[in-house]
There are 6 protein chains.
Amino acid sequence: MMGTVVRNIRRADGAAIEALGKLGVATVHEAQGRTGLMAPYMRPLWRGARIAGSAVTALCAPGDNWMIHVAAEVLKPGDILVVGCMSENADGAFGELLATSLKARGAKGIVIDMGCRDAAEISDMKFPVWSRAISARGTVKATLGSVNVPVVVAGLQVKPGDVVVADDDGVVLVNRIQALDVARSGQDREKKEATTRTRLQKGELGLDIYGMRKPLEEKGLKYIDGPVD
Amino acid sequence: MMGTVVRNIRRADGAAIEALGKLGVATVHEAQGRTGLMAPYMRPLWRGARIAGSAVTALCAPGDNWMIHVAAEVLKPGDILVVGCMSENADGAFGELLATSLKARGAKGIVIDMGCRDAAEISDMKFPVWSRAISARGTVKATLGSVNVPVVVAGLQVKPGDVVVADDDGVVLVNRIQALDVARSGQDREKKEATTRTRLQKGELGLDIYGMRKPLEEKGLKYIDGPVD
Amino acid sequence: MMGTVVRNIRRADGAAIEALGKLGVATVHEAQGRTGLMAPYMRPLWRGARIAGSAVTALCAPGDNWMIHVAAEVLKPGDILVVGCMSENADGAFGELLATSLKARGAKGIVIDMGCRDAAEISDMKFPVWSRAISARGTVKATLGSVNVPVVVAGLQVKPGDVVVADDDGVVLVNRIQALDVARSGQDREKKEATTRTRLQKGELGLDIYGMRKPLEEKGLKYIDGPVD
Amino acid sequence: MMGTVVRNIRRADGAAIEALGKLGVATVHEAQGRTGLMAPYMRPLWRGARIAGSAVTALCAPGDNWMIHVAAEVLKPGDILVVGCMSENADGAFGELLATSLKARGAKGIVIDMGCRDAAEISDMKFPVWSRAISARGTVKATLGSVNVPVVVAGLQVKPGDVVVADDDGVVLVNRIQALDVARSGQDREKKEATTRTRLQKGELGLDIYGMRKPLEEKGLKYIDGPVD
Amino acid sequence: MMGTVVRNIRRADGAAIEALGKLGVATVHEAQGRTGLMAPYMRPLWRGARIAGSAVTALCAPGDNWMIHVAAEVLKPGDILVVGCMSENADGAFGELLATSLKARGAKGIVIDMGCRDAAEISDMKFPVWSRAISARGTVKATLGSVNVPVVVAGLQVKPGDVVVADDDGVVLVNRIQALDVARSGQDREKKEATTRTRLQKGELGLDIYGMRKPLEEKGLKYIDGPVD
Amino acid sequence: MMGTVVRNIRRADGAAIEALGKLGVATVHEAQGRTGLMAPYMRPLWRGARIAGSAVTALCAPGDNWMIHVAAEVLKPGDILVVGCMSENADGAFGELLATSLKARGAKGIVIDMGCRDAAEISDMKFPVWSRAISARGTVKATLGSVNVPVVVAGLQVKPGDVVVADDDGVVLVNRIQALDVARSGQDREKKEATTRTRLQKGELGLDIYGMRKPLEEKGLKYIDGPVD
């Protein structure tokens, strides 16, 4: 299975991808029933990016970034490269030259379960990167992995063509086929939240807005006037 | 004991709180004999905030943020919400809607031993947050905890009404009753440091300013001209 | 061996140091055969600094910063203080007063395998710091260590007089005697990278520029048209 | 998708399962091209167990073990329960009473990405457990998860019916359909290793047995007589 | 507050301590409403010990074990020494000589939020130790701490005289005054568990014994016959 | 510098090595002024081994164990192989076949800053291993490292020919030339400790044996009769 490159993948509907990107990670995660979120160690290199696109996946050996070069050829404009590693490794598999290449090929960004280097240069380029570490440690090109096979990244199975949404909160995945449904559900959620936000801004309590007082009482919550001691 | 909410707590003197906030975390920590500091994993969501206020405490179950809603009702303007968790957990228990609510109720900020989400939105709002992680992972409202009972947060026992001081260096607690004494001691310390700073800026050495040469010699420090190799 | 201060050390050629600083961490690391990089937990306090200088080393006990004061006397303008710790420890051994002192003595920055405090003040001063943590935890002056002896910092043996290069990517060391050779090799590398960058910007692939297609095929890489499933 | 229990799953051929169990984790992992291994934090509660069986999967909320009870009903004798958690959590979701239940139902063991408690009692029972931690922290029964859906556990996607092999080296998964092929390939590997072992025991070198001298030389390996310095 | 030794403390009822020791950590933790458990990094040096006793507390500086010697004088036969550290530190503050001393003074064991050394010798002595690490790193005697003041250890505030229960599952604390109540509640729990255990051994399901089917259905749990895919 | 094998190294005096092995890790570490100890994550695969020998060093790439095969040829009976890794990596670079080979070549054991696999088999062989992890993850033979050059392992610079002492407490290094002096100093220390042990066994306090009462008083230690609260 190692050593396989799948050239073509199915991608989600473009409008769904765009809508998911506008919603952002936290809303999308909630909209699909609190699933699909990568572990929180996957952090943005710089703050302020929010992207969404189709996942092109790559699987690398530790200390080796060969498959990123292979993936650069098969990705299409608008895609996001998602890179897994065969074992835990923080070496700087992604740097400014690869960022230049991915940008030129139209990639929207990269999510990589290894390290990233040339932090200053890539931040200046405003190329979006989520990684497990910043490390200048160089990598070799010696061991085959695969491209566009399912990979586990930060606790999540990523299939080629899944929709990736990434922002300052981290990275969430949406199944390609469910993308439109999740987008709509997220938009509904946003509308409701807008109303809730207005009420909260006026000082109303979540206890009342969400009707929590009764279930809390039923669970046995007791109030004491205090102060205690 | 779980499932208890104490409505009213004693708070420290307002002038003492204000003075402690001006001093900042490092000075306050030194002023009370190098005690009261939370573990360094408790980090600000955004750089540049410095706040001080009375601790209103909440204790949550892992993956559950119900008690934050309960706490929102009992806190007073100027308070800081301090949230502990029953076991190690980084889920995103605090997001933009709760930040909106706390802000509307007058809270100065939150210190939470769980995760925080909506990182971009809360940073834009300039609502101060210290947390163990940024994570969009949603939480449930299913298990009772308590509000305004003592909780251990980041290696520190927090009692309701303790003064919380938080800035880019982390979070320090001051006992309510000792707040004024610590503030004064910190102000004295600041004055001394101002003099020391001026001397250091001129190139004088700490070795001379603090009188370290003799104790170093007594401990047996030896100087070699060098270079060695 | 503990309790020794070496006053004078050999330093690398000034032009070599300057050249290495311009190259930056990632390039220097590659230029010396992917060696000399500190572990990635050594992070800058603030983004954007890039410095190079001769290492003056100090070894401290956990929770103790006495030897930093001792080192402040023996360092020369342009040096970088590199502080190791006898065991893993994140206490705030370096703060604004010491930063003031080092700056006044001409130090270019500090690399410290302990914590740093007064994060806001030191960032405002623009004094460059790389540390393992930000922590306001105060330290004592009770246990002897050494100055200008070899110390292991973040997985790397640092000898006094080694050239330290540090930027947003981390910290790399260059052997004093090899400094000029490494600088030249790095400059050659930069020139080659400039050409590669231009080709990548035009959309050429690393696969072609680096001649990877043949070795990949020899290793057995297989392409499938897809989509699969 | 949360809140789904799949009662029946397809299982691998019994003879294949038995063969894989005899081979053990390291050999199986190699036999399928170095894939399928869980992250090394998944450790046995006690040393010396080696089991193989079909995966029945469960997904729990942090601090909640409700779905383990649900899974106990659908598993068949010979199965291994594999439990994932929605976020990182070490609470003691599995204890002696559940071990008693699983044993009575015929389960061969459990692999759980949470904590395990009653360590002494379960070790005395010789019920095999692999977990991320030992912790007596109790859990609640409040939030739905799922049973027999794919879950990610210790960096690996586990599908119901996958073959689980676990021993002192950790946990490896084999795809249900490929189980027989992997078993055969592992048996071939074992035979070859037996020959190699005999040669190594006589003092022959891997350099010669595996024919490494030439590729090492081609890569540029240089021998120096030494001693150096 | 640092530098204080309290010679005498109140201890819990001896019969309550004995009863709690028989129950063990997991049962005691449940019996007091799932509170009082230390973080799971606090692990036994050797498997098989189960002890209970009154906490004598000590607070040490990192890399310093002076206060353990001070505490050795004030503890009484049957006590358990609980050692906190001012910051995270794994140095070997407790070794065979101190174990010999504590044993001679009648201490039942030690719980230490630092490292332990002489692992082989102390295991041979069968002196019970729970620690955060095994490390031979030596410590100094240079900085004052305190004895018999409240300390936070492994996420838990320990007050002198609290009952400590420790076994292979970790360490739990019981408030001195509530010790008898908790012991009784634990004994009741054990009786109920004995009945449950018998039913589980016969193959009955927790689903039925605990009446979980209805609440699961109400929450929306759905069963599918499967197999899926 | 990568890709170098030094065939011959200088070794310490055999009697010194033997004496150091008898003393064990903790005593040797103290005897050389609390230096030379590896970080505590370096743990024995099985408890009860205590070995001493000359270090033959190897440096591997992450996920690659090629250089261990190269080192097997140059080591002499009685040596201990010490393996560093270019970046943090826990892959199972050392297994039962390599253990068989090293044993046949007369190696006393291995200290490896990567993972170890075949845990059960190697434990049965009683071949001593200290490693950072147990992991069955297979490694490749693709990237050159070096043999018998200085490497940093677990926070310590190891030079070929250094004396390695390893037991349940971890791993300590002694400089080849100082080995005899350290051994003598350790033997003196052991004699003193024997006297101290006898006094402690009789219930005498360290406070008196070590004369700590006066320095504690001078530092300001205060005794309170208590109980407090």
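Each chain carries its own residue numbering, running from 1 in the direction its sequence is written. All chains are assigned letters beginning at A, and all ligands numbers beginning at 1, according to the order in which they are written. Local features in this predicted model are restricted to residues of pLDDT 70 or higher, and side-chain atom pairs are both shown and tallied only at a pLDDT of 80 or more, whereas totals for entire chains, interfaces and linings draw on every residue. Hydrogens and waters are ignored; side-chain quantities use all the structure's heavy atoms.

1. Overview of the overall build of chain A
Put simply, DSSP marks the helices as runs of H or I at least four residues long and the strands as runs of E at least two long, and each gets a number from the N terminus on. In terms of helices and strands, chain A carries eight helices and 13 strands. By principal-axis analysis of the C-alpha atoms, chain A measures approximately 70 × 45 × 35 Å. Evaluated residue by residue, chain A yields a buried proportion of 64% over its 229 residues. Contacts are assigned to residue pairs that have any heavy atoms within 4.5 Å of one another. Nonlocal contacts in chain A, meaning residues at least 24 apart in sequence, comprise 76% of its contacts between residues at least 6 apart. In the form shown here, chain A has an accessible surface area of approximately 8,200 Å², with 49% of it arising from carbon and sulfur atoms. Positive residues here are Lys and Arg, negative ones are Asp and Glu, while His and the chain termini are left out of the count. To locate a charge, the coordinates of NZ of Lys, CZ of Arg, CG of Asp or CD of Glu are taken. Mean positive and mean negative side-chain charge positions of chain A (30 and 27 charges, respectively) differ by 5 Å. Residue exposure (1.4 Å probe, protein chains only): buried if accessible area is under 20% of the type maximum, exposed if over 50%, otherwise partly exposed. In this description, accessible areas are obtained by the Shrake-Rupley approach with a 1.4 Å probe, and a residue is regarded as covered only by the protein chains that are shown.

2. What about the packing of aromatic side chains?
Each pair of aromatic rings taken from Phe, Tyr and Trp, with Trp reduced to its six-membered ring, is defined by centres within 6.5 Å and is described as stacked if the planes are under 30 degrees apart, edge-to-face if over 60, and tilted in the remaining cases. Applying the stated criterion across every chain, the model contains six aromatic pairs over all chains. When the ring centre of F:Trp46 is taken as reference, the NZ or CZ atom of F:Lys126 above it lies at 4.6 Å. A ring has a charge above it when a Lys NZ or an Arg CZ is no more than 6 Å from the ring centre and no more than 35 degrees off the ring normal.

3. Some remarks on the interface of chain C and chain F
Counting residues at the interface gives seven residues for chain C, matched by seven residues for chain F. Summed over both sides, the interface of chain C with chain F buries roughly 570 Å², with 69% coming from carbon and sulfur. Between Lys or Arg on one side and Asp or Glu on the other, a salt bridge is scored when a side-chain nitrogen of the former is within 4 Å of a carboxyl oxygen of the latter. Where chain C packs against chain F, one counts zero salt bridges. A 3.5 Å cut-off defines polar contacts: any pair of N or O atoms within that distance qualifies, except that in protein one atom must be a possible hydrogen donor and the other a possible acceptor, and neighbouring residues in sequence count only when both atoms are side-chain atoms. The tally of links from chain C across to chain F stands at zero residue pairs in polar contact (both at pLDDT 80 or more). When two components associate, each loses some accessible surface as probed by a 1.4 Å sphere; the sum of these losses over both components is called the buried area.

4. Points about the packing of helix α4 (residues 96–104) of chain E against helix α6 (residues 179–201) of chain F
α6(F) packs onto α4(E) with a crossing angle of 20 degrees between their chain directions and a minimal axis gap of 8 Å. Here α6(F) runs roughly parallel to α4(E), going by the angle between their axes. Both α4(E) and α6(F) take part in a crossing whose hand is right-handed. In this structure, α4(E) uses E:Glu96, E:Leu97, E:Thr100, E:Ser101 and E:Ala104 to contact α6(F), whose residues at the interface are F:Glu193, F:Thr196, F:Arg197, F:Leu200 and F:Gln201. Axis definition: a line fit to C-alpha positions, over the contact stretch in the case of helices; interaxial angles, taken between N-to-C directions, run 0 to 180 degrees. Roughly parallel refers to an angle under 35 degrees, roughly antiparallel to one over 145, roughly perpendicular to one between 65 and 115, and oblique to any angle outside these ranges. Put simply, a crossing is left-handed when the front helix is turned counterclockwise from the back one by less than a right angle, and right-handed when it is turned clockwise.

5. Focus: the pairing of strand β12 (residues 170–174) of chain C
Residues and elements named next belong to chain C. Along β12, five of the five residues are buried, which leaves the element largely enclosed by surrounding structure. Here β12 shows two buried faces, one formed by Gly170, Val172 and Val174 and the other by Val171 and Leu173. Two strands pair under a simple rule: DSSP has to find at least two bridges between them. Pairing analysis gives five bridges linking strand β11 (residues 163–167) to β12, with the strands arranged antiparallel. Counted as the bridge partner of Val163 is Val174 from β12.

6. Remarks on unusual backbone geometry
Cis peptide bonds are those with omega within 30 degrees of zero, and the linkage from C:Gly226 to C:Pro227 qualifies with -5 degrees. The topology assignment puts C:Pro227 in the segment after β13 (222–224). Backbone geometry places B:Lys126, a non-glycine residue, at a positive phi of 60 degrees. When you line up the elements, B:Lys126 lands in the loop between α5 (119–125) and β7 (129–134). The phi angle at F:Arg34 is positive, at roughly 60 degrees, despite the residue not being glycine. Residue F:Arg34 is classed as partly exposed on the basis of its relative accessible area of 31%.

7. Quick look at the interface of chain C and chain B
Residue-level contacts link 39 residues of chain C with 39 residues of chain B. Taking both partners together, chain C and chain B bury about 3,400 Å²; carbon and sulfur atoms supply 58% of that area. Broken down residue by residue, the surface that chain C buries against chain B is led by C:Trp66, C:Leu97 and C:Ile134, which jointly contribute 17%. On the surface where chain C and chain B come into contact, there are five salt bridges. Across the pair B:Glu30 and C:Arg117 runs a salt bridge, and its minimum N-O distance is 2.8 Å.

8. So, the relation of the copies chain C and chain F
Both copies of the chain are placed relative to one another by a rotation about an axis and a shift along it. What sets the superposition is a least-squares fit of C-alpha atoms, and only residues with pLDDT of at least 70 in both copies go into it. You can overlay chain C on chain F at an RMSD of 0.0 Å; the transform is a turn of 180 degrees with a shift of 0.0 Å along its axis. Viewed as a symmetry operation, the transformation between the two copies matches a two-fold axis. The C-alpha atom lying nearest the rotation axis in chain C is that of C:Gly155; the distance is 2.7 Å. Here 100% of the contact residues of chain C are again contact residues in chain F; the copies associate through an equivalent surface.

9. Focus: the side chain of A:Asp113
Residues and elements named next belong to chain A. Along the polypeptide, Asp113 turns up in strand β6 (residues 109–116). When its relative accessible area of 8% is taken as the criterion, Asp113 is described as buried. Side chain to side chain, Asp113 and Tyr41 meet in a polar contact 3.0 Å long. From its side chain, Asp113 meets the backbone nitrogen of Ala154 in a polar contact 3.1 Å long. Apart from residues lying up to four places away in sequence, Asp113 is in contact with Tyr41, Met42, Val83, Gly84, Cys85, Asn89, Arg132, Val153 and Ala154.

10. Examining the relation of the copies chain C and chain B
Placing chain C over chain B gives an RMSD of 0.1 Å and needs a rotation angle of 120 degrees, together with 0.0 Å of translation along the axis. This pairing of chains is accounted for by a three-fold axis.

11. Let's talk about the confidence of the model for chain A
When pLDDT is averaged across chain A, the result is 97; 100% of the residues are at 70 or more. As a predicted assembly, this complex carries a pTM of 0.96 together with an ipTM value of 0.95. Confidence scores labelled pLDDT are given residue by residue by the predictor and lie between 0 and 100.

12. A short note on the pattern of salt bridges
For the structure on display, the rule yields 96 salt bridges over all chains. A salt bridge links C:Arg132 to C:Asp113; the nearest nitrogen and oxygen atoms lie 3.1 Å apart. A residue pair is termed long-range when its members are at least 10 positions apart, and C:Arg132 in strand β7 (residues 129–134) and C:Asp113 in strand β6 (residues 109–116) qualify at 19 residues. The residue C:Asp208 makes a salt bridge to C:Arg213 at a minimum N-O spacing of 2.7 Å. Using a relative accessible area of 41% as the deciding quantity, one classes C:Asp208 as partly exposed. You can call C:Arg213 partly exposed: its relative accessible area is 35%. Salt bridges sharing partners connect three or more residues here, namely A:Glu30, A:Arg34, A:Arg189, A:Glu193 and B:Arg117.

13. Thoughts on the state of the cysteines
Residues and elements named next belong to chain D. Throughout, a disulfide means two cysteine sulfur atoms within 2.5 Å of one another. Tallied over the full model, the rule gives zero disulfides over all chains. Cys85 carries a free sulfur, and the closest cysteine sulfur to it, the one in Cys60, is 6.8 Å from it. Judged by its relative accessible area of 14%, Cys85 is buried.

14. Brief notes about helix α1 (residues 14–23) of chain D
Residue and element names in this part refer to chain D. Of all the positions in α1, only Ala16, Ile17, Ala19, Leu20, Gly21 and Leu23 are classed as buried. The inward-facing, buried residues of α1 abut α2 (25–31), β3 (51–60), β11 (163–167), β12 (170–174) and α6 (179–201). Regarding α1, its N-cap is Asp13, as a side-chain oxygen of that residue lies 3.2 Å from the backbone nitrogen of Ala15 further along. Of the residues trailing α1, Gly24 is marked for its positive phi of about 90 degrees.

15. Some thoughts on the packing of helix α1 (residues 14–23) of chain B against helix α6 (residues 179–201) of chain B
Residues and elements named next belong to chain B. One can describe the packing of α1 onto α6 by two numbers: an axis separation of 9 Å at closest approach and a directional angle of 35 degrees. Here α1 and α6 pass one another in a crossing that is left-handed. Each of Ala16, Ala19, Leu20, Lys22 and Leu23 in α1 lies in contact with α6, whose residues at this interface are Ala179, Leu180, Val182, Ala183, Gly186, Gln187 and Glu190.

16. Focus on the arrangement of the chains
At the C-alpha level, the nearest point of chain A lies 14 Å from chain E, with no contact between them. Spatially, chain B and chain F are disjoint, and the shortest separation between their C-alpha atoms is 14 Å.

17. Observations regarding helix α6 (residues 179–201) of chain E
For α6(E), built from 23 residues, the straight-helix expectation of 33 Å at 1.5 Å per residue is met to within 8% by its first-to-last C-alpha distance of 32 Å. Residues of α6(E) that are buried include every one of E:Ala179, E:Val182, E:Ala183, E:Gly186, E:Glu193, E:Thr196 and E:Leu200, and no others. Among the structural elements, α4 (96–104) of chain D together with α1 (14–23), α2 (25–31), β11 (163–167), β12 (170–174) and α7 (206–209) of chain E are those in contact with the buried residues of α6(E). Two residues or fewer past α6(E), E:Gly203 is found with a positive phi of approximately 100 degrees. One fewer than the residue count of a helix, multiplied by 1.5 Å, yields its expected span.

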